[in-house]
Amino acid sequence: MNLFEMATSQFKKAAAAMKLDPSVYAVLSEPQNEIVVNFPVNMDDGSIKVFRGYRIQHNNTNGPYKGGIRFHLSVDLAEVKALAQWMTWKSSLMGIPMGGAKGGVTLNPRDYSEGELRRITRRFTYALGNNIGPEYDIPAPDVGTGPREMVWMMDTYMTMYNASDRNATRGVVTGKSILSGGSLGRDKATGQGLVFCFEVWAKHTGFKIPGSTFFVQGYGNVGSWAARIMQDGGSKMLAASDHTGAIGNPEGIDAHDLAKHVAKTGGVKGYAKAKEIDDATFYGTPAEVFIPAALECTVNIETEKYIKAKYVVEGANGPTTPDAEKRLMDRGIVVIPDILANSGGVTVSYFEWVQNKISEVWDLDQVDRELKKKMVSATEHVIEEMKKRNVDPRTAAMTLALSRIEAAHRERGIFP
Ligand code: NAD
């Protein structure tokens, strides 16, 4: 099953649970636009290399297309189509006036110098041209990209406009650096949102975060922020992993200290205050909360059997395959779905876009307060929807998201 087939199977299940209008099902089952660009870039050694980039615009019924840009070797059409569809559900679930999109370039960023990455990013933005725009389609960071790439994208897009119109296009991307118009709190937003969501879930199920234990897969933006904020809330991290390997310590690993080590060395490997562990030991970490925050399909039929946690809180997009999710649920393990748990990122991206539009700068307290309001409300709605329809958390999150899009489609109809 490729990732788009996996997304489709989740969509079918939710559509059946809510008896989604078959016409709306047909509209949402494929993206509105699939843009593939092949673009040349000058390499440091004087050669020219052609890269393939994608931008998939799934749906814009509720507002401009919105979604991240991924730089990774796994990027292909099926992956980006799935990620774009999940963005539509996520924006709708969070009640933000945006749709869903995703993009990426098939490459391993570690294989290129900073200068090459800058030229790749700029040339990709140029190739996308007016297929993106602050009122049309707004990219953001994802795996392998961050504020640096977003600032390059913004700057390239701006130069395509007359000097007098440039500032109005600043909101073409979100997740920018603060200096270039980013929002305070965007760096930690996805991890922060995940913890706000989990706090509500814990309260509803009588679970106490202070004194609890957790482990994290992927110690990048989402994983490392979720870990630091969980630890600040009184929970202890017992293991962490990334592309360099997995480490564990039954006495606990300091999440802030590990983030410093990763910033310095590029990975968790070699962290002196923990031991290297193998995959089975990592997935079998005796902690109550597991936060997969790396790539998709890591919790699958092979790895699920090791998991002893009570909660799997999805920081990554699509980390749990449908068959593994069923087995986890059969074992009483709660899977808090990606489109809810990791929606803090798109929510603060939306706040950044609003601030750019009205030339305002919100302080961190305001960003966190507004994010918390949105996360708490969405999580409570999902818990109510689960009870109302007697469905699992993912299906509940999706039926809520889909019912809003369905209602908007009904109001507007189809032209002509
Ligand atoms: P990132 O590039 O900052 O971090 C990715 C991490 O995954 C890195 O630590 C990397 O080493 C690790 N990783 C890669 N391959 C691995 C493997 N085989 N095993 C274990 N770890 C591995 O990316 P990110 O922005 O933190 O994104 C992580 C996930 O969260 C993705 O699924 C992304 O789509 C999702 N997400 C990100 C955001 C955001 O705001 N950045 C928002 C919502 C969802």
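Below, the structure is looked at part by part. Everything numeric here is computed off the predicted structure, so don't read it as measured data.

Details of the overall build of the chain
Counting its regular elements, the chain contains 14 helices and 12 strands. C-alpha extents for the chain along the principal axes are approximately 55 × 55 × 45 Å. A buried classification covers 58% of the 416 residues belonging to the chain. Total accessible area computed for the chain in this model is approximately 17100 Å², and 53% of it derives from carbon and sulfur atoms.

What to know about the pairing of strand β10 (residues 289–292)
In the case of a regular strand, side chains alternate between the two sheet surfaces. Residue alternation in β10 divides its side chains into two sets, V289 and I291 and F290 and P292, and both sets are buried. One ladder, built from four bridges, connects strand β6 (residues 213–217) with β10; its direction is parallel. When the sheet's bridge partners are listed, Q217 is paired in β10 with P292. Across two bridges, β10 lies against strand β11 (residues 311–313) in parallel orientation. Pairing of F290 across the sheet is with V312, part of β11.

Observations concerning the environment of W201
Here W201 is to be found in helix α6 (residues 189–205). Look at W201 and you get buried, because its relative accessible area is 3%. Taking the C-alpha atoms as reference points, W201 and K81, separated by 120 residues in sequence, lie 30 Å from one another. Not counting residues within four places of it along the chain, the set of residues in contact with W201 comprises Y311, V334, I336, L340, T379, V382, I383, M386 and P393.

Examining a nonpolar patch on the surface
A cluster of nonpolar side chains, I178, L184 and L364, forms an exposed patch at the surface whose accessible area comes to about 240 Å². Positionally, L184 belongs in the loop between α5 (147–159) and α6. A relative accessible area of 33% places L184 in the partly exposed class.

Some details on the site of the ligand
Residues in contact with the ligand amount to 21 residues; listed here are only the nearest, D142, T190, V222, H243 and N317. One of the side-chain N or O atoms of R70 is found 3.0 Å from an oxygen atom in the ligand. The backbone of V222 places a nitrogen or oxygen atom 2.9 Å from an oxygen atom of the ligand. Burial of the ligand by the surrounding chains reaches 82%, relative to a free accessible area of 820 Å². Elements with a minimum of two residues in the shell around the ligand: α7 (221–232) and β7 (236–242). Looking at side-chain class alone, the shell around the ligand contains seven nonpolar, 10 polar and four charged residues.

A short note on unusual backbone geometry
For residues besides glycine, phi is generally negative; the peptide bonds are generally trans as well. Along the chain, F415 connects to P416 via a cis peptide bond; the corresponding omega equals 10 degrees. With respect to the element layout, P416 can be found in the segment after α14 (393–412). Unusually for a residue other than glycine, S359 sits at a positive phi of about 50 degrees. Tracing the sequence through the fold places S359 in the loop between α12 (344–358) and α13 (364–389).

Details of the sheet that holds strand β3 (residues 65–72)
If you walk across this open sheet you meet the five strands as β1-β2-β4-β3-β5, and the pairing is mixed. Taken across any chain shown, the strands that pair with only one partner, and hence form the sheet edges, are β1 (33–42) and β5 (137–141). Neighbour-to-neighbour, the strand axes of the sheet open up by a mean angle of 25 degrees, direction not taken into account. In this structure, strand β2 (residues 48–59) lies alongside strand β4 (residues 100–106), joined through six bridges in antiparallel fashion. Among the inter-strand pairings, G53 is bridged to a residue of β4, identified as V105. Against the sheet, helix α4 (residues 114–128) touches β1, β2, β3 and β4, its axis set at about 140 degrees to β1. In the packing of α5 onto the sheet, contacts are made with β3 and β5, and the angle to β5 comes to roughly 150 degrees.

Overview of the side chain of N317
With respect to the element layout, N317 can be found in the loop between β11 and α10 (322–330). Residue classification places N317 among the buried positions, given a relative accessible area of 10%. Reaching out from N317, the side chain makes a polar contact with the side chain of N342 at a distance of 3.1 Å. Residues contacting N317, with those up to four places away along its chain left out, are L83, W86, K90, K102, D142, E296, D338 and N342.

Digging into the sheet that holds strand β8 (residues 245–253)
Overall, mixed pairing links the seven strands, which are arranged β9-β8-β7-β6-β10-β11-β12 in an open sheet. Strands at the two margins of the open sheet, each flanked by one partner only, are β9 (275–277) and β12 (334–336). Neighbour-to-neighbour, the strand axes of this sheet turn through a mean angle of 20 degrees, independent of strand direction.

Digging into the nonpolar core
With 82 residues, the main nonpolar core has W89, F198, Y219, M237 and L258 as its most contacted residues. Contacts of Y219, omitting those with residues within four sequence positions, involve S224, A227, M237, A240, S241, D242, A255, L258, A259, V262 and V268. Among the nonpolar cores identified, the runner-up in size contains 24 residues, and I35, M43, Y112 and M158 belong to it.

A word on the environment of C297
Structurally, C297 is set in the loop between β10 and β11. Along the backbone, C297 and A324 are 27 residues apart, and their C-alpha atoms lie at a distance of 9.2 Å. Non-local contacts of C297, meaning those with residues more than four positions away in its chain, are made with L3, M6, G318, P319, T320 and T321.

Quick word on the packing of α12 against α13
Close contact between α12 and α13 brings their axes to 10 Å; oriented N to C, the two are set at 130 degrees. Here α12 lies oblique to α13, going by the angle between them. Taken as a pair, α12 and α13 cross one another with a handedness that is right-handed. Across the interface between the two elements, G344, T347, V348 and F351 from α12 touch V367, E370, L371, K374 and M375 from α13.

About the criteria used
- Residue positions within a chain follow its written sequence, with the count starting from 1.
- Per-residue local features are limited, in this predicted model, to residues with pLDDT of at least 70; the limit for side-chain atom pairs, both in listing and counting, is 80 or more; totals at the level of whole chains, interfaces and linings are taken over all residues.
- Calculation of side-chain values draws on the structure's entire complement of heavy atoms; hydrogens and water are dropped beforehand.
- Each helix corresponds to a stretch of at least 4 residues labelled H or I by DSSP, and each strand to a stretch of at least 2 residues labelled E; elements are numbered beginning at the N terminus.
- Buried, partly exposed and exposed residues are distinguished by accessible area as a fraction of the type maximum, computed with a 1.4 Å probe on protein chains only: under 20%, between the cut-offs, and over 50%, respectively.
- Using the Shrake-Rupley algorithm and a 1.4 Å probe, accessible areas are obtained, with residue cover drawn only from the displayed protein chains.
- Should DSSP find at least two bridges between two strands, the strands are taken to pair.
- Any pair of residues with heavy atoms lying within 4.5 Å of one another is described as a contacting pair.
- Patch membership requires over 30% relative accessible area and the absence of a salt bridge. Like charges are linked within 9 Å, and nonpolar side chains (Val, Leu, Ile, Met, Phe, Trp, Tyr) within 5 Å.
- The working definition used for a salt bridge is a side-chain nitrogen of Lys or Arg within 4 Å of a carboxyl oxygen of Asp or Glu.
- We call a residue near a given molecule or strand whenever any one of its heavy atoms falls within 4 Å of it.
- Any N or O atom pair separated by 3.5 Å or less is treated as a polar contact, with the protein-specific requirement of one donor-capable and one acceptor-capable atom, and with residues adjacent in sequence counted only for side-chain atom pairs.
- Charged means Asp, Glu, Lys or Arg here, nonpolar means Ala, Val, Leu, Ile, Met, Phe, Trp, Tyr, Cys or Pro, and polar covers whatever is left, Gly included.
- In this analysis, axes come from line fits to C-alpha atoms, helices being fitted only over the stretch in contact, and the angle between any two N-to-C directions falls in the range 0 to 180 degrees.
- Take the buried Ala, Val, Leu, Ile, Met, Phe, Trp, Tyr and Cys residues and link them wherever side-chain atoms come within 4.5 Å; each set so joined is a nonpolar core.
- Roughly parallel means an angle under 35 degrees; roughly antiparallel means over 145; roughly perpendicular covers 65 to 115; every other angle is labelled oblique.
- It is the rotation of the near helix from the far one that decides the hand of a crossing: anticlockwise by less than a right angle makes it left-handed, clockwise makes it right-handed.

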